[in-house]
Amino acid sequence: MRLWILPFRLLGILALSILISAAWLLRHEILSIVRPQVHRVTDALVPHDGAPTATARTHAGDKVDSLLGWSADSVVLTAGEMAVLLLDGLSSEERSHLDSVVVTLGDGRLSVDARLETSQIPSELLGPLAGVLRAWEAVTVAGDVASSRPGQAEWRIDAITLRGITLPPEASRTLLDRGLPGSERGKVAVTLPKGVARITVRPAGVALFPEHTR
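The present account deals with the structure reproduced in this document. The shown structure was predicted, so the numbers you read here are calculated from the model rather than taken from an experiment.

### What to know about the side chain of glutamine 152
So, step 1. If you trace the backbone, glutamine 152 turns up in strand 6 (residues 152-162).
So, step 2. A polar atom in the side chain of glutamine 152 sits 2.9 Å from the side chain of arginine 149.
So, step 3. Those residues within four positions of glutamine 152 in sequence are excluded, and the remaining contacts are Ser147, Ala189, Val190 and Leu192.

Written as structure tokens, this is what we have:
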């Protein structure tokens, strides 16, 4: 080794040691900056919408079983898996009037796109829309989701879209209350799996928490 190189190598080792020490001392501050960026990248990569496929049904069941059977702190459902839970909360009669269901996740918010059989809706509920709707129409229902009690969440509908026309929040709530038994001021009860205490909705997934974490 040439002697004139040695001082530069020593300086390099010293600088590296200083950087490592500084990174360790400031690790909490660095993580506070990096973590939000990681979450944003992760959220961007995870699909925010999904359909209730057979695979989604299997995965949803496995996750709920692991939550309750293995005492996990929480599990995260995809949009498609959440769609399975929503449909399972409906009666077979109600499900028969829906097709092509897709759930989209937002920050504390849930949106459902589907084809709805409008012929089974009394014309007096639709008002002026009754004369222009086809037998099956694309509909979007959206609103915030919050836990109400163990085993149940509350979906607060504030937007219904039919034929590309989004009704104002008050009109959306009125239509829902008149057409859906059990709805009150646009609030719809969502049945959660037995043993689930609460739910949180984010674009990257729906977190379910068991009763023992309350």
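More follows now that the structure is in view.
### Remarks on helix 4 (residues 79-88)
Helical periodicity: at 3.6 residues per turn, an α-helix aligns residues three or four positions apart in one direction.
So, step 1. Among the 10 residues in helix 4, nine count as buried, and that is most of the element.
So, step 2. Taken together, the buried positions of helix 4 are occupied by Ala79, Gly80, Glu81, Met82, Ala83, Val84, Leu85, Leu86 and Leu87.

### Details of the pairing of strand 9 (residues 196-202)
So, step 1. Relative to strand 10 (residues 205-210), strand 9 runs antiparallel, the two sharing six bridges. The residue bridging arginine 202 from the neighbouring strand is glycine 205, located in strand 10.
So, step 2. Connecting strand 9 to the antiparallel partner strand 10 that follows it, the hairpin turn spans two residues.

### Considerations on the sheet that holds strand 9
So, step 1. Strand order in the open sheet formed by three strands is 2-10-9, with antiparallel pairing between adjacent strands. Taken across any chain shown, the strands that pair with only one partner, and hence form the sheet edges, are strand 2 (75-77) and strand 9. Within the sheet, the average angular offset between the axes of one strand and its neighbour, ignoring direction, is 25°.
So, step 2. By the bridge criterion, three bridges tie strand 2 to strand 10 in an arrangement that is antiparallel. Across the sheet, residue valine 75 finds its bridge partner in strand 10, namely leucine 208.
So, step 3. Taken strand by strand, helix 3 (residues 54-69) contacts strand 2, strand 9 and strand 10, and its axis lies near 160° from that of strand 2.
So, step 4. On top of the sheet, helix 4 reaches strand 2, strand 9 and strand 10; it is set at about 90° to strand 2, its chief contact.

About the cut-offs
Each residue is numbered by its place in its chain's sequence as written, counting from 1. Only residues with pLDDT of 70 or above have their local features reported here, since the model is predicted, and side-chain atom pairs are shown and tallied only from 80 upward, although totals for entire chains, interfaces and linings are computed over all residues. As a rule here, side-chain values cover all heavy atoms of the structure and leave hydrogens and water aside. Numbering of helices and strands runs from the N terminus; a helix is a DSSP stretch of H or I covering at least four residues, while a strand is a stretch of E covering at least two. Polar contacts here mean pairs of N or O atoms no more than 3.5 Å apart (in protein, one a potential hydrogen donor and the other a potential acceptor; neighbouring residues in sequence count only if both atoms are side-chain atoms). Between two residues, a contact is recorded if the distance between any of their heavy atoms is within 4.5 Å. Buried means the residue's accessible area, taken with a 1.4 Å probe over protein chains only, is under 20% of the maximum for its type, while exposed means over 50%, and partly exposed covers the values in between. The pairing criterion is simple: DSSP has to find at least two bridges between the two strands. Fitted lines through C-alpha atoms give the axes, limited to the stretch in contact for helices. The angle between two N-to-C directions lies from 0 to 180 degrees.

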